[in-house]
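Each chain is listed here by its residues.
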Amino acid sequence: MLKLVSSRLFDRRVLQSIRHTCDGSIEMAKDNLTAVLHGIEDMRLEQRPIPQIADDEVLIAMDSVGICGSDVHYLAHGRIGDFILTKPMVIGHESSGVVTKLGKKVTNVKVGDRVAIEPGVPCRYCDHCKQGKYNLCPGMVFCATPPYDGNLTRFYKHPADFCFKLPDHVSMEEGALLEPLSVGVHACNRAEVTLGSKVLILGAGPIGLVTLLAAQSMGASEILITDLLQQRLDVAKELGATHTLLLSKDQSAEETAKLVQKIMGGEPDKAIDCCGAESSARLAIFATRSGGVVVVVGMGAPEVKLPMINALAREVDIRGVFRYCNDYASALALVASGKVNVKRLVTHHFDIKETDKAFETARKGLGGAIKVMIHVQPRDTNNPCKF
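Worth saying up front: this structure is predicted, and the values here are computed from it rather than measured.

Asks: Could you give me a rundown of unusual backbone geometry, with the residues and numbers involved?
Replies: The linkage connecting Pro146 with the following residue, Pro147, adopts the cis geometry, with an omega of 10°. Locating Pro147 in the fold gives a position in the loop between β12 (141-142) and β13 (155-159). At Glu192, a residue that is not glycine, the phi angle is positive and equals roughly 60°. Its place among the elements puts Glu192 in the loop between α6 (178-191) and β15 (198-202).

Asks: Can you break down the side chain of Asp327 residue by residue, with the values?
Replies: Relative to the elements of secondary structure, Asp327 occurs in the loop between β20 (317-320) and α12 (328-337). Comment: no salt bridge for buried Asp327; closest opposite-charge side chain is Arg190, at 9.1 Å. Polar side-chain contacts of Asp327 include one of 2.8 Å to the backbone nitrogen of Cys325. If near-sequence neighbours (up to four positions away) are discounted, Asp327 is found in contact with Ser182, Val185, His186 and Asn189.

Asks: Break down the environment of Ser197 for me, with residues and values.
Replies: By secondary structure assignment, the location of Ser197 is in the loop between α6 and β15. Its relative accessible area of 2% is what places Ser197 among the buried residues. For the pair Ser197 and His38, spaced 159 residues apart in the sequence, the C-alpha separation amounts to 45 Å. Ignoring any residue separated from it by four or fewer positions in sequence, one finds Ser197 in contact with Glu192, Gly219, Ala220, Ser221, Glu222, Asp269 and Lys270.

Asks: Residues and numbers for the sheet that holds strand β16 (residues 222-227), please.
Replies: Reading across from one edge, β17-β16-β15-β18-β19-β20 is the order of the six strands in this open sheet, with parallel pairing throughout. If you trace the sheet from one side to the other, it starts and ends with β17 (243-246) and β20, each paired once. For this sheet the average axis-to-axis angle between neighbouring strands, irrespective of direction, equals 15°. Note: strand β18 (residues 270-273) against strand β19 (residues 293-296), four bridges, orientation parallel. Looking across to β19, one finds that Lys270 is bridged to Val293. Those strands touched by α6 are β18, β19 and β20, and its axis lies near 150° from that of β19. Sheet strands touched by helix α8 (residues 230-238): β16 and β17. Its angle to β17, the strand with the most contacts, is close to 175°.

Asks: Which residues make up helix α9 (residues 253-264), and what values do they have?
Replies: Here α9 is twelve residues long and its end C-alpha atoms lie 16 Å apart, about the 16 Å a rise of 1.5 Å per residue gives. Buried within α9 we find Ala253, Thr256, Ala257, Val260, Gln261 and Met264. Along the axis of α9, the buried positions cluster into a sector of 140°, meaning they face one direction only. Away from the buried face of α9 by more than 90 degrees, exposed residues Glu255, Lys258 and Lys262 are located. Looking one or two residues beyond α9, the residue adopting positive phi is Gly265, at roughly 70°.

Asks: Lay out a nonpolar patch on the surface in plain terms, naming residues and giving numbers.
Replies: The grouping of Met308, Ile309, Leu312 and Ile318 at the surface amounts to a nonpolar patch, some 400 Å² of accessible area in total. Top contributing element to the nonpolar patch by residue count: helix α11 (residues 308-313), with three residues. For Leu312, the location among the structural elements is in helix α11. Its relative accessible area of 57% is what places Leu312 among the exposed residues.

Asks: A description of the pairing of strand β5 (residues 57-66) should follow, citing residues and the corresponding values.
Replies: By the criterion of burial, β5 is predominantly enclosed, with ten of the ten residues buried. The pairing of β5 with strand β9 (residues 94-102) spans eight bridges and is antiparallel. Bridging across to β9, Met62 finds its partner in Gly97. Across three bridges, β5 lies against strand β22 (residues 371-375) in antiparallel orientation. Across the sheet, the residue bridging to Val65 is Ile374, located in β22.

Asks: Please set out the packing of aromatic side chains residue by residue, giving values where relevant.
Replies: Inspection of every chain in the model, using the stated rule, returns four aromatic pairs. Taking the centre distance of 6.5 Å and the plane angle of 50° together, the rings of Phe142 and Tyr324 count as tilted. A residue pair is termed long-range when its members are at least 10 positions apart, and Phe142 in strand β12 and Tyr324 in the loop between β20 and α12 qualify at 182 residues. For Phe142, a relative accessible area of 5% corresponds to the buried category. Put simply, the rings of Phe142, Phe164, Tyr324 and Tyr328 touch in pairs and so form one group of aromatic residues. A cation over an aromatic ring shows up here: Arg323 above the ring of Phe83, its NZ or CZ 5.9 Å from the ring centre.

Asks: Would you mind going over the packing of α6 against α12 in detail, with residue names and values included?
Replies: Interaxial distance between α6 and α12 falls to 9 Å at its minimum, and their mutual angle equals 105°. Overall, the two elements α6 and α12 adopt an arrangement that is roughly perpendicular. Judged by residue contacts, Leu178, Glu179, Leu181, Ser182 and Val185 of α6 engage Tyr328, Ser330, Ala331, Leu332, Leu334 and Val335 from α12. Looking at the contact of α6 with α12, its residues break down into eight nonpolar, two polar and one charged.

Conventions and cut-offs
Residues numbered from 1 in each chain as written. Predicted model: local features only at pLDDT ≥ 70, side-chain atom pairs only at ≥ 80, totals over all residues. Heavy atoms only, no water. Helix = DSSP H or I, 4+ residues; strand = E, 2+ residues; numbered from the N terminus. Buried < 20%, exposed > 50% of the residue type's maximum accessible area, 1.4 Å probe, protein only. Lys, Arg positive; Asp, Glu negative; His and termini not counted. Salt bridge = Lys/Arg side-chain N within 4 Å of Asp/Glu carboxyl O. Polar contact = N/O pair within 3.5 Å; in protein donor to acceptor, adjacent residues only side chain to side chain. Contact = heavy atoms within 4.5 Å. Pairing = 2+ DSSP bridges. Axes fitted to C-alpha atoms, helices over the stretch in contact; angles between N-to-C directions. Expected span 1.5 Å × (residues − 1). Arc of directions from axis to C-beta. Patch = residues over 30% accessible without salt bridge, like charges linked within 9 Å, V, L, I, M, F, W, Y side chains within 5 Å. Areas by Shrake-Rupley, 256 points an atom, 1.4 Å probe, with all protein chains shown as cover. Phe/Tyr/Trp six-rings, centres within 6.5 Å; stacked < 30°, edge-to-face > 60°. Lys NZ or Arg CZ within 6 Å of the ring centre and 35° of its normal. Parallel < 35°, antiparallel > 145°, perpendicular 65-115°, else oblique. Nonpolar A, V, L, I, M, F, W, Y, C, P; charged D, E, K, R; others polar.

What follows is the structure in structure tokens.
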């Protein structure tokens, strides 16, 4: 039977709702408050049944869930590309929690473990999965992507092999941030960032900033990051960007490319577009050196106009990024080792009962919001040290 560890893991309010079962699991009270998106501008908090787990799954008492730009987009527009909200959907996919119950076949985690949750689970059987590119699996089940529910809820079930145990010194908030950090790691891997790389990052939002952190950890010697907001660039500089460039909407991509090259003392060999705007993708191509690599992370309009002759004549590779693949363990290692510090990205904290206020803050960038964190359990309940 599991021995509960002091109040640093479960505060008194949570302890009062826990009882032990004969199989060593933890059973919680029947409160499963859940944030459900019913349609455009229609987010509701409601009670849902606590899920029953399969043999390869774990039941997780959710702790921290970050708000992603995609969450906000579904709230505002009800769709992202071909992913269309057609029925109520639980929101949230940047997350961490505590294992409360194990399926019969689970061996990689135990009850009481604090875990980060990789939100995309592939079929494991198709050619993409077998070739190690499971992010391209046509049968992917991804949290808070229609028609699949996310995990902004008190209790959530997930396949155990997509749960990553957090070391004691890694906070629940950092565990939730492994999701966007994995995007940055994957983007840098796609760009082949390595020792001495000169990297241009378009956009200093959350994904641009984690890409900056990932590029630094991979040995980039020079990083220039751009944005339309000086406040974001100030944070990028604080996080270690070599150069920052404040853009204006009336600048042409060609003009800005020359400015980038002047600031960096030459052309970057990697450019990573974290905006998704046509103008930023064009800038990435014009600015990158011949034979270099452009990686497009941000998803904007379905079709855009790009300078293809320029790219082809200079053999500039253009590569896409779709989420991440085999990157969660690397992201966790970067955070656990101290090589990457994602704590600065968390600017706001809300309780799950304040979900509407949290989304309003993230959506409008109130108070310099970068990453807004929603706490399903009282803040720091499961952090050995306060965040």
